[in-house]
Amino acid sequence: MDKADARPIYLDACATTPLRPGVQQRMVAVQNQAWGNPSSLHCFGIAAAEALERTRVEIASLLGAEANEVLITSGATESIHLGLRGLASSLPPGRIVISAVEHPAVTAAAQALTPLGWQVCMAPVDAQGTIQLDRFAELLQPPTRLVSVIWGQSEVGTLQPIQTIGALCRQHGIPLHTDATQVISQALPDWSTLPVDLLTASAHKCGGPRGVGLLLVRGAWKQQLTALLTGGGQESNLRSGTESAVLLAGMAEALSQIQRCGVDALSNSGNGIRRLRDALELQLGQRFGVATIGQPDQRLPHHLALLLRDRSGQPLSGRRMVRVLDREGLAVSSGSACSSGRDTDSSVLTAMGLPREMRRSSLRLSLGFWNSDDQIESIVERFERALLTCSEA
Ligand SMILES: Cc1ncc(COP(=O)(O)O)c(C=O)c1O
């Protein structure tokens, strides 16, 4: 390998992303011009408040929402807790239905409702991780009062049929929250037509900064939200704490670039990332026989979830492969290590019915704007060397 070839390649977009070009510059400009506290009454505060509100309007318009439907938070975890716990605490206790393939933040927020008298029910998924719609529809009977479904699954990439899920919830008058954290990095949804009542997003998955996210919430449900963080009364009294016009500007810049990409990456029309992912999938499958999880047209376009095995078909450890690949200069993650790199069994793969030894063999590759065609050859070579090392062990 020459020196250029040895540079590490980042294939872990679902964990976090570097800043998109121009994001840092925009944040620096806002920090310089509008660094005041948006609640202060002097000119420094007014400049910050104006910057914040202009950016809120910009983000709202990018997403087809009204500015007063955008609540700024610290990221997806907080948005999920505000959306679910904040709404449930003003509803009479009942049942909350979540899918069996949620991010742990949703499962934890739902579990936090049980001391208030709520029951948590998980809607089952099929072998591809797609929610079983007939079972889901049955679960919308009383006492269900709240639903949360992840739109684009972070571990296996499955896209849920959110339009159908939303329509079913609407028929029953049940508010639906969706965790769109991974979807928004690929294409901006049109909130004005989406049959969803609360939506979570996070900037650092989209080429924006860490520490800022949003909760979109429709007016009728916003009136029923209860704050989790109380104090200064910011964000319509729903999320106290000094707002960061700087971080929000970074998020707006990242979202506007995603919109400018123009192509609806969630449809079947190919865009750059999908093409790159498909090329990689083809090579890894053909040359090393690794299996892909999920169906091609129902997955996040930048996501590749693999099951590793050696030549005799025996599953290989995904966690070991992550470490060996890191030494080869490929940054990926093992499917089961969704929280702090801990070796926990994957509840997502369990829900999809994969046996335990296969669950341990999963590997996630997720691509971003920094990846390009000319990296494919090197990725495949590094993968081959790592696979050999892991097979020999
Ligand atoms: C689907 C999904 N939801 C929520 C989160 C939590 O995001 P944040 O780090 O912004 O709290 C993540 C992060 O991995 C995610 O992938």
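So, here is what we can say about the structure in this document. (Residues numbered from 1 in each chain as written. Predicted model: local features only at pLDDT ≥ 70, side-chain atom pairs only at ≥ 80, totals over all residues. Heavy atoms only, no water.)

1. Structural notes on helix α10 (residues 272–288)
What sets the pattern is the α-helix's 3.6 residues per turn: residues three or four places apart point alike.
Right, on to step 1. If you check α10, its first and last C-alpha atoms are 24 Å apart, about what 17 residues at 1.5 Å a residue would give, namely 24 Å.
Right, on to step 2. All of the buried residues along α10 are I273, R274, L276, R277, L280, E281, L284 and F288. Down the axis of α10, the smallest arc covering the buried residues is 160°, so these residues share one side. The exposed residues of α10 that point more than 90 degrees off its buried face are L282 and Q286.
Right, on to step 3. Residues of α10 that are buried make contact with β9 (291–292), β10 (303–307), β13 (362–366) and α14 (376–392).
Right, on to step 4. Looking one or two places after α10, you find G289, whose phi comes out positive at around 65°. (Helix = DSSP H or I, 4+ residues; strand = E, 2+ residues; numbered from the N terminus. Expected span 1.5 Å × (residues − 1). Buried < 20%, exposed > 50% of the residue type's maximum accessible area, 1.4 Å probe, protein only. Arc of directions from axis to C-beta. Contact = heavy atoms within 4.5 Å.)

2. Thoughts on the sheet that holds β13
Right, on to step 1. Pairing is antiparallel in the open sheet, where four strands are placed in the order β9-β10-β13-β12. Each having just a single partner strand, β9 and β12 (333–334) make up the two edges of the open sheet.
Right, on to step 2. Both β12 and β13 contribute to a ladder of two bridges, which runs antiparallel. Each bridged residue has a counterpart across the sheet, and for S334 the counterpart in β13 is L363. (Pairing = 2+ DSSP bridges.)

3. Description of the state of the cysteines
Covalently bonding the sulfur atom of one cysteine to the sulfur atom of another cysteine gives a disulfide.
Right, on to step 1. Taken as a whole and assessed by the stated rule, the structure comprises zero disulfides.
Right, on to step 2. Here C14 stays unpaired: no disulfide links it, and the sulfur of C206, its closest cysteine neighbor, is 11 Å away.
Right, on to step 3. Overall, the relative accessible area of 2% leaves C14 in the buried class. (Disulfide = S-S within 2.5 Å.)

4. Points about the nonpolar core
Right, on to step 1. Residues F136, V147, I184, L199 and L255 are the most contacted members of the largest nonpolar core, which totals 55 residues.
Right, on to step 2. No other element matches the nine residues that helix α9 (residues 245–260) contributes to this core.
Right, on to step 3. Beyond its immediate stretch of four places on either side in the chain, F136 contacts V97, A123, I131, V147, V149, I165, L168 and C169.
Right, on to step 4. Core analysis: the next-biggest nonpolar cluster, separate from the first, contains 28 residues, L276, L316, L363 and L367 among them. (Core = buried A, V, L, I, M, F, W, Y, C linked by side-chain atoms within 4.5 Å.)

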